[in-house]
Amino acid sequence: MTDITRLLNTTSAGMIAQELDARDKNGKDNKIEASIWNAFIKDKGGKTVKNFISVTAALNSITTYVIREAKKLGKNVEQLALEWLNAPISNSEIDKAMENSNDSQEVKNPKQENPVNENQNTLKNETVIVKDILAKAGLVFEEKSDLDNIVNKYNALSKYYKNNNLEKDARGLSLEDRIINYAKGLKFINFEKTVTENDGAVYDNACSDAKTFEELKAAYKQFGTEYVEAMDISGDGKIDAHEMFYTELVALYESQGDNNLVAKQKALEVIKKFANYNAMNLPEESDPLYDTEDMAQFSEILNKIGFLDKDKDMTLSPDEAAAYLLAMAQLSDKKNDITARESINADIAIMANGMSKDDIMELFNVSAEDADMILTFSDKLKAAQELLNSKAD
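Scope of this entry: the structure provided in the associated data block.

How each quantity is defined
Counting restarts for each chain, with residues numbered from 1 along the sequence as it is written. Given that the model is predicted, a residue must reach a pLDDT of at least 70 before its local features are reported, and side-chain atom pairs must reach 80 or more before they are shown or counted; all residues, however, enter totals for whole chains, interfaces and linings. Think of the side-chain values as coming from all heavy atoms in the structure, minus any hydrogens and water. Numbering of helices and strands runs from the N terminus, with a helix taken as a DSSP run of H or I at least four residues long and a strand as a DSSP run of E at least two residues long. For this analysis, residues touch if any pair of their heavy atoms sits within 4.5 Å. Reported accessibility uses the Shrake-Rupley method at a 1.4 Å probe radius. Residues are deemed covered only where the shown protein chains occlude them. Any helix carries an expected span of 1.5 Å times its number of residues minus one. For the exposure calls, accessible area comes from a 1.4 Å probe over protein chains only, and a residue counts as buried if that area is under 20% of its type's maximum, exposed if over 50%, partly exposed in between. Note on definitions: angles span 0 to 180 degrees between N-to-C directions of axes, and those axes are lines fitted to C-alpha atoms, for helices only across the stretch in contact. Every angle not falling under 35 degrees, over 145, or within 65 to 115 is termed oblique; those three ranges are roughly parallel, roughly antiparallel and roughly perpendicular. Handedness of a crossing follows from how the near helix is turned relative to the far one, being left-handed for an anticlockwise turn of less than a right angle and right-handed for a clockwise one. For this classification, the nonpolar set comprises Ala, Val, Leu, Ile, Met, Phe, Trp, Tyr, Cys and Pro, the charged set comprises Asp, Glu, Lys and Arg, and every other residue, Gly included, is treated as polar. Throughout this description, the term salt bridge denotes a Lys or Arg side-chain nitrogen within 4 Å of a carboxyl oxygen of Asp or Glu. Two N or O atoms count as a polar contact when they lie within 3.5 Å, although within protein this holds only if one can serve as hydrogen donor and the other as acceptor, and sequence-adjacent residues are included solely when both atoms are side-chain atoms. Two rings from Phe, Tyr or Trp (for Trp, the six-membered ring) form a pair when their centres are within 6.5 Å of each other. A pair whose planes differ by under 30 degrees is stacked, one over 60 is edge-to-face, and the rest are tilted. Placement of a positive charge over a ring is assigned whenever Lys NZ or Arg CZ falls within 6 Å of the ring centre and within 35 degrees of the normal to the ring plane. Joining through side-chain atoms within 4.5 Å is the link that ties buried Ala, Val, Leu, Ile, Met, Phe, Trp, Tyr and Cys residues into a set, and such a set is a nonpolar core.

This part takes up the overall build of the protein chain. Helix and strand content of the protein chain: 18 helices and six strands. Long-range pairs, those at least 24 residues apart, make up 62% of the contacts in the protein chain between residues at least 6 apart in sequence. As displayed, the protein chain offers around 20000 Å² of accessible surface, 48% of which is attributable to carbon and sulfur atoms.

This part is about helix H12 (residues 260-273). Side chains that are three or four residues apart share a direction in an α-helix, a result of its 3.6 residues per turn. Compared with the 20 Å implied by 1.5 Å per residue over 14 residues, the 20 Å span of H12 between its first and last C-alpha is a close match. Of all the 14 residues making up H12, 10 are buried; the element is thus mostly covered by neighbouring parts of the structure. Those residues of H12 not exposed but buried are Asn260, Leu261, Val262, Ala263, Lys264, Gln265, Ala267, Leu268, Val270 and Ile271.

What follows covers helix H10 (residues 213-229). The end-to-end C-alpha distance of H10, which contains 17 residues, comes to 25 Å, matching closely the 24 Å that a straight helix rising 1.5 Å per residue would cover. Every buried residue of H10 is accounted for by Leu216, Lys217, Ala219, Tyr220, Phe223, Gly224, Thr225, Glu226, Tyr227, Val228 and Glu229.

Here we come to the packing of helix H1 (residues 12-22) against helix H8 (residues 144-163). Two elements in contact, H1 and H8, have axes whose closest approach is 10 Å; the angle formed by their N-to-C orientations is 30 degrees. Judged by the inter-axis angle, H1 sits roughly parallel to H8. The handedness of the crossing between H1 and H8 comes out as left-handed. Together, Ser12, Met15 and Glu19 of H1 and Asn152, Asn155, Ala156 and Lys159 of H8 make up the contact between the two elements. Here the residues of the contact of H1 with H8 are counted per class, giving two nonpolar, three polar and two charged.

For Asn165, which is not a glycine, the phi torsion comes out positive at approximately 50 degrees. Inspection of the secondary structure assignment puts Asn165 in the loop between H8 and helix H9 (175-194). One non-glycine residue, Asp291, lies in the positive phi region at around 60 degrees. The topology assignment puts Asp291 in the loop between H12 and helix H13 (293-308).

This paragraph deals with the pattern of salt bridges. Two side chains carrying opposite charge are able to pair once their charged atoms lie near each other. Under the definition given, this model contains 20 salt bridges. Residue Asp319 is joined to Lys221 by a salt bridge in which the shortest nitrogen-to-oxygen separation is 3.2 Å. Note that Asp319 is positioned in helix H14 (residues 318-329) and Lys221 in helix H10, a separation of 98 residues in sequence. The class of Asp319 is partly exposed, set by a relative accessible area of 33%. Linked by salt bridges that have partners in common, Lys153, Asp169, Arg171, Arg178 and Glu229 make up one network.

Our focus in this paragraph is the side chain of Gln330. Within the secondary structure, Gln330 sits in the loop between H14 and strand S6 (338-339). Engagement of the side chain of Gln330 in a polar contact is seen with the side chain of Asn336, the distance being 3.1 Å. For Gln330, the contacting residues outside a window of four places in its chain are Lys335, Asn336, Glu342 and Lys380.

So, about the packing of aromatic side chains. Under the criterion given, the structure shown has 17 aromatic pairs. Relative to Tyr203, the ring of Phe188 has its centre 5.0 Å away and its plane inclined at 75 degrees; by these criteria the two rings are edge-to-face. Of the two residues, Phe188 is situated in helix H9 and Tyr203 in strand S3 (residues 202-203); the sequence distance between them amounts to 15 residues. Here Phe188 falls in the buried class, since its relative accessible area comes to 1%. The class for Tyr203 is buried, based on a relative accessible area of 15%. Feature note: the residues Phe188, Phe191, Tyr203, Tyr220, Phe223, Tyr227, Phe307, Tyr324 and Phe377 constitute an aromatic cluster, connected by ring pairs. Across from the ring centre of Phe52, 4.6 Å away, lies the NZ or CZ of Lys31, which sits over that ring. A cation over a ring is seen here: Lys266 above Tyr253, with NZ or CZ 4.8 Å from the ring centre.

Turning to the packing of H1 against helix H3 (residues 55-73), a few remarks are in order. Relative orientation of the contacting elements H1 and H3 amounts to 130 degrees, with a least axis distance of 8 Å. The angle between the axes of H1 and H3 places the two elements in the oblique class. With respect to the hand of their crossing, H1 and H3 are arranged in right-handed fashion. Residues Ala13, Gly14, Ile16, Ala17, Gln18, Leu20 and Asp21 of H1 form the contact with H3, whose participating residues are Val55, Ala58, Leu59, Ile62 and Thr63. When its residues are assigned to classes, the contact of H1 with H3 shows eight nonpolar, three polar and one charged.

Here we come to the nonpolar core. Phe188, Tyr220, Tyr227 and Phe377 are the most contacted members of the largest nonpolar core, which has 65 residues in total. With nine residues, the single largest contributor to this core is H14. Once you skip the residues sitting within four places of it in the chain, Phe188 turns out to touch Tyr203, Phe223, Tyr227, Leu325, Met328 and Ile338.

Along the polypeptide, Met231 turns up in the loop between H10 and strand S4 (239-240). On the basis of relative accessible area, Met231 is assigned to the buried category, the value being 4%. Distance from Met231 to Leu186, taken between C-alpha atoms, is 8.6 Å for residues 45 residues apart in sequence. Discounting residues that sit within four places of it in the chain, Met231 has contacts with Ile189, Ile239, Glu243, Met244 and Thr247.

Written out as structure tokens, the structure reads:
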């Protein structure tokens, strides 16, 4: 089950809340002291608190305030949120509040002569760093929301690596490695968003460049790592149902016209409702969530992870994701690029598991040729799992 607070790292509002939490005398304890919070919301029309506000409550409040203030100022919501994300670092009122909340014996660092000017370009500098990382990997993102997502990921990961004094994580991945993996995974997620509207879309992945059997296995394992990184909010190297649900909800709301920040907040609100539900515990008839569109989508995701989850731990690992991607890529041929048709039919195959050809054709309105393709997916998935787990001769 996903802890909802893990989603704090996916929104600008969440990053602001965490930054505020880190600035009081108790450090990061999931509580923002009143002096820090009240100084932050002073010019944003927010409500003050007497003692403290939880980071989760702060996330919700900040999102409400930024949407309201953006309308009032005639600004883009996401851009205003990014401005606020930089504000906690340099806001003199907060600096003053933090100083007052700390022990009076604390000596101010003489090197911090001009913290406002020093930190005003923090966000800009991080964007430059991210663009440089992407450029070295040959990655280009046209949509601002994509770049903002990658910068947010960089912010969260850089704090994690810095706080734990890491050059590489337990998997041997550096911060730069993970940003590139995230960006590549995001590329594939963006491709999947287009498949229903563009049946000619093709995702030409690096697996197509493999020359040997071992290179092919390594390429797909890397592809699986990228796929997981794009949805892995907790940083545990796997995807659970709530993380996948959150990702798909954001994509849904963006397709309906919401900007990225609003889409994320709406998705977060839905995820909260499903926090205590999983494959073994779904809403019953007396529950308001029962028989809703959200429940139907959540159930589909549970079904998808259950279908692909070889070790039955209710999560999707990089190797399990790799097998899924390999089976998808070779659903209609032996090539390693992924076509829109293969992507769509792979998803149908998971939903239609156990159905007859006639039922698939009728229920999903597909041709006999597509139905035959869909019926082969389970076997292709098993073959892919065996191939990726096989040892070299």
